[in-house]
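Structural overview
Residue-level listing of the chains:
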Amino acid sequence: MPAIELVVCMGSACFSRGNVRVLELIQTHLRERGLADAVKVKGTLCQDRCRQGPNLTLQGECFCGLGPDEVIDLVEERVAALQAAAG
Ligand code: FES
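Residues numbered from 1 in each chain as written. Predicted model: local features only at pLDDT ≥ 70, side-chain atom pairs only at ≥ 80, totals over all residues.

**Looking at the packing of helix H1 (residues 12-32) against helix H2 (residues 68-86)**
Contact pair H1 / H2: the axes reach a minimum separation of 9 Å and the direction vectors enclose 40°. Here H1 lies oblique to H2, going by the angle between them. For the pair H1 and H2, the crossing hand works out as right-handed. Residue-level contacts link Arg-21, Val-22, Leu-25, Ile-26 and His-29 of H1 to Pro-68, Val-71, Ile-72 and Val-75 of H2. Within the contact of H1 with H2, the residues separate by chemical class into 7 nonpolar, 1 polar and 1 charged. (Axes fitted to C-alpha atoms, helices over the stretch in contact; angles between N-to-C directions. Helix = DSSP H or I, 4+ residues; strand = E, 2+ residues; numbered from the N terminus. Parallel < 35°, antiparallel > 145°, perpendicular 65-115°, else oblique. Left-handed = near helix turned anticlockwise from the far one by under 90°. Contact = placed C-beta atoms within 7 Å. Nonpolar A, V, L, I, M, F, W, Y, C, P; charged D, E, K, R; others polar.)

**Concerning H2**
Between its first and last C-alpha, H2 extends 27 Å over 19 residues, near the 27 Å set by a 1.5 Å rise per residue. Taken from the residues just after H2, Gly-87 is the one with a positive phi, measuring 85°. (Expected span 1.5 Å × (residues − 1).)

**Topic: the sheet that holds strand S1 (residues 4-9)**
One key point about sheets: their strands pair by backbone hydrogen bonds, in either a parallel or an antiparallel sense. The strand order across the open sheet built from 4 strands is S2-S1-S3-S4, with neighbouring strands paired in mixed fashion. Strand pairing shows two members of the sheet lacking a second neighbour, strand S2 (39-44) and strand S4 (61-64), which therefore form its edges. Adjacent strand axes in the sheet meet at a mean angle of 20° when their direction is disregarded. Pairing analysis gives 6 bridges linking S1 to S2, with the strands arranged parallel. Each bridged residue has a counterpart across the sheet, and for Val-7 the counterpart in S2 is Lys-42. (Pairing = 2+ DSSP bridges.)

So this is what it looks like as structure tokens:
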């Protein structure tokens, strides 16, 4: 299964609006589910969309204002879709 790329904005606005918690929880979740190799998590600097934050990009698609639970659900959906496509 190809890796899914999750890029979390760690600029000061997104960091303080919740991405610090998102990053902690998604990494813990992926380790617990054995998906650490399937989902590559990276941080990035400010993406100049601070007002919409916290921001992240999943497989090139930008998402704004998501909390940790929503991010986990989204990542799980993408993983399930890739697993289904891989058979
Ligand atoms: S800090 Fe995330 S877009 Fe600016």
